[in-house]
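Single-letter residue listing:
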Amino acid sequence: MKYFLGAIAGLILLWLFSVFIVQPFAIPSNSMEPALSTGDRILVNKTAYRSRPITRGDVVVFDGVDSFSRQSGEFVKRVIGIAGDRVVCCTDSGNLSVNGSEIQEDSYLFPGDSPSEIEFDALVPPGKIWVLGDHRSESADSRSHLGDPGGGFVLESKVVGQAQFVIWPPTRWQRLDSHTFKELN
């Protein structure tokens, strides 16, 4: 009986930990390659944004209801624009710009992909973010949802947390770092 109660207590603690602190998440598509591949398992830090704001370059998991879909469902994408940012594609040199400055995305953009085949000019409203997949040619992201409820913007309140670690498969164990954009001009 003592072992049974200990096992139950352990399961309850594990459940509380995953509900409030860290949540595992499976990557369902190749839209975030090369950082994340289909089938990868990641850990999402649900407390990351309690002590700091969401920043450009963060990889976030969010509930896409009212922005990417009419039904609840979780997505993983990279934050390109935060509230007040103007995100534009594309500049004369083919890059994205944020607030008039071209950004360098070589450190995470899928090899051979352009920053976007879809032109857009988005002003991110208060309380929202603009997100793109790293494998742009395979990603249904903010660009693809311009005409949907929410206009492709994601409510900050719908962000589950920051994707921080790949934990499966073991050959892909890594920390997912945020990438600070490098200005080109």
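Everything numeric in this text was worked out from a predicted model, so none of it was measured.

Peer 1: So what's going on with the overall build of the protein chain? Residues and values would help.
Peer 2: In terms of regular secondary structure, the protein chain is built from two helices and 13 strands. In the protein chain, which comprises 185 residues, the share counted as buried stands at 43%. With an accessible surface of roughly 9,700 Å², the protein chain has 58% of that area assigned to carbon and sulfur atoms.

Peer 1: Give me the nonpolar core: which residues, what numbers.
Peer 2: If you look at the biggest cluster of nonpolar residues, it comprises 14 residues, and the most contacted ones within it are Phe25, Leu36, Ile42, Val61, Val76 and Leu176. Every element with two or more residues in this core is listed here: β2 (41-45), β3 (59-63) and β11 (159-168). Examining the composition of this core, we find that three residues originate from one element, β11, more than from any other. Dropping the residues within four chain positions of it, Leu176 is found in contact with Ala35, Leu36, Ile42, Ala163, Gln164, Phe165 and Val166. Counting 13 residues, the second-largest nonpolar core is a separate cluster that includes Cys89, Val98, Tyr108 and Val124.

Peer 1: So what about the environment of Val166? Which residues, and what values?
Peer 2: Relative to the helices and strands, Val166 is located in strand β11. We classify Val166 as buried; its relative accessible area is 2%. Through-space distance from the C-alpha of Val166 to that of Asp40 is 6.7 Å; in sequence the pair is 126 residues apart. Look past the residues within four positions of Val166 in its chain and what remains in contact with it is Ala35, Leu36, Asp40, Arg41, Ile42, Arg172, Trp173, Gln174 and Leu176.

Peer 1: Before we move on, can you summarise the state of the cysteines with the specific residues and values?
Peer 2: Enumeration over the complete set of coordinates arrives at one disulfide. Across the disulfide, Cys89 is cross-linked to Cys90 (sulfur-sulfur distance 1.7 Å). Of the residues examined, Cys89 reaches a relative accessible area of 4% and is grouped as buried. Overall, Cys90 belongs to the partly exposed group, its relative accessible area being 28%.

Peer 1: Tell me about unusual backbone geometry, residues and numbers included.
Peer 2: Cis geometry marks the peptide bond from Cys89 to Cys90, where omega comes out at 0°. On the secondary structure map, Cys90 appears in the loop between β5 (86-89) and β6 (96-98). Here the bond from Trp168 into Pro169 is cis, since omega is 0°, no more than 30 degrees from zero. Tracing the chain through its elements places Pro169 in the loop between β11 and β12 (174-175). Its identity is not glycine, yet Asn99 carries a phi of approximately 55°, on the positive side. Turning to its location among the elements, Asn99 is positioned in the loop between β6 and β7 (101-104).

Peer 1: Describe the pattern of salt bridges, and please don't skip the residues or the numbers.
Peer 2: Where charged atoms of side chains with opposite charge meet at close range, the side chains can pair. Taken as a whole, this structure holds seven salt bridges when the rule is applied. Residues Asp134 and Arg78 are paired through a salt bridge, measuring 2.7 Å at the closest nitrogen-oxygen approach. Of this pair, Asp134 sits in the loop between β9 (128-132) and β10 (154-155) while Arg78 sits in strand β4 (residues 74-81); the two residues are 56 residues apart in sequence, bridging distant segments of the chain. In this structure Asp134 comes out as buried when scored by relative accessible area, which is 0%. Residue Arg78 is classed as buried on the basis of its relative accessible area, which comes to 1%.

So, how was this worked out
Residues numbered from 1 in each chain as written. Predicted model: local features only at pLDDT ≥ 70, side-chain atom pairs only at ≥ 80, totals over all residues. Heavy atoms only, no water. Helix = DSSP H or I, 4+ residues; strand = E, 2+ residues; numbered from the N terminus. Buried < 20%, exposed > 50% of the residue type's maximum accessible area, 1.4 Å probe, protein only. Areas by Shrake-Rupley, 256 points an atom, 1.4 Å probe, with all protein chains shown as cover. Core = buried A, V, L, I, M, F, W, Y, C linked by side-chain atoms within 4.5 Å. Contact = heavy atoms within 4.5 Å. Disulfide = S-S within 2.5 Å. Salt bridge = Lys/Arg side-chain N within 4 Å of Asp/Glu carboxyl O.

As far as function goes, none of this settles anything; it's purely spatial.
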